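Each chain, letter by letter, is given below.
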Amino acid sequence: VGCGPGGYRSALARASIVNWDGDVILDKFVRVEEEVTDYRTFVSGITASDLTSSDAISFDECRALVLKSIENKIVVGHGLRSDFDVLQIRHEWHMIRDTAKYQPFMKEHHSEQGLLVPKKLKELARDKLGLIIQEDGQQHDSVEDATAAIELYIK
């Protein structure tokens, strides 16, 4: 979700982790302590009621759960830097597998020859796995995204 003027500053609103088999290890909504100015519902699927529900946990609780879940583990995801940034955590570089940075999954920049840039998870899931995720007009599902990233890594 977005906070501050125009909702440009990201805040953690949901954390989802799946294991190698696609089983959900963690899926929690997170109470945002500052005013949310853009729920980004069209992308995130998150609404105000998700963050104020009795099931929502604090940022500190979520951060602790994530840290415990990934301790001494290889973390697979797509665009993990932003996830780690919003969680305010660091993970050893050699324990990270980011499908956004995997060269065979990247594409050439539209105007700079030889420069590789990440493909969207949605494109990779469609092209490499035959999966349709993040459909236009549909809300994203972070568990579905996490599952697609692990499936790409396995492939």
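This write-up is about the structure you can find in this document. (Residues numbered from 1 in each chain as written. Predicted model: local features only at pLDDT ≥ 70, side-chain atom pairs only at ≥ 80, totals over all residues. Heavy atoms only, no water.)

1. Digging into the overall build of the chain
Each helix and strand counted, the chain has 6 helices and 9 strands in total. Compactness check: the chain gives a C-alpha radius of gyration of 16 Å against a globular reference of 15 Å for 155 residues, within 12% of the reference. Each principal axis of the C-alpha atoms in the chain carries an extent, and together these give about 45 × 35 × 25 Å. Excluding contacts between residues fewer than 6 apart, the proportion of contacts in the chain whose partners are at least 24 apart in sequence is 49%. Within the structure as shown, the chain displays about 9900 Å² of accessible surface, and the carbon and sulfur contribution to it stands at 48%. Charge separation in the chain, taken as the distance between the mean sites of 19 positive and 26 negative side-chain charges, equals 4 Å. (Helix = DSSP H or I, 4+ residues; strand = E, 2+ residues; numbered from the N terminus. Rg over C-alpha atoms; globule rule 2.2 N^0.38 Å. Contact = heavy atoms within 4.5 Å. Areas by Shrake-Rupley, 256 points an atom, 1.4 Å probe, with all protein chains shown as cover. Lys, Arg positive; Asp, Glu negative; His and termini not counted. Charge placed at Lys NZ, Arg CZ, Asp CG, Glu CD.)

2. Observations regarding the pattern of salt bridges
Enumeration according to the criterion identifies 7 salt bridges in this entry. Salt-bridge contacts for R81 lead to D85; the nearest nitrogen and oxygen are separated by 3.8 Å. Of this pair, R81 and D85 both sit in helix α4 (residues 80–87), 4 residues apart, which is roughly one turn of that helix. Overall, the relative accessible area of 62% leaves R81 in the exposed class. (Salt bridge = Lys/Arg side-chain N within 4 Å of Asp/Glu carboxyl O. Buried < 20%, exposed > 50% of the residue type's maximum accessible area, 1.4 Å probe, protein only.)

3. A word on the side chain of T99
Relative to the helices and strands, T99 is located in the loop between β7 (96–98) and β8 (107–108). Apart from the residues within four sequence positions on either side, T99 is in contact with G77, H78, F105, L124, A149, L152 and Y153.

4. Let's talk about the side chain of D98
Following the sequence through the fold, D98 ends up in strand β7. Buried within the structure, D98 lacks any salt-bridge partner; its nearest side chain of opposite charge belongs to K101, at an N-O separation of 5.1 Å. In this structure the side chain of D98 is engaged in a polar contact, spanning 2.8 Å, whose partner is the backbone nitrogen of G79. Sequence-distant contacts of D98, that is, excluding residues within four places in its chain, are made with G77, H78, G79, L80 and R81. (Polar contact = N/O pair within 3.5 Å; in protein donor to acceptor, adjacent residues only side chain to side chain.)

5. Observations regarding helix α5 (residues 121–129)
Listing the buried residues of α5 in full gives L121, E123, L124 and A125. Considering only its buried residues, α5 is in contact with β8 and α6 (142–154). Immediately downstream of α5, the backbone of G130 shows phi near 70°, a positive value.

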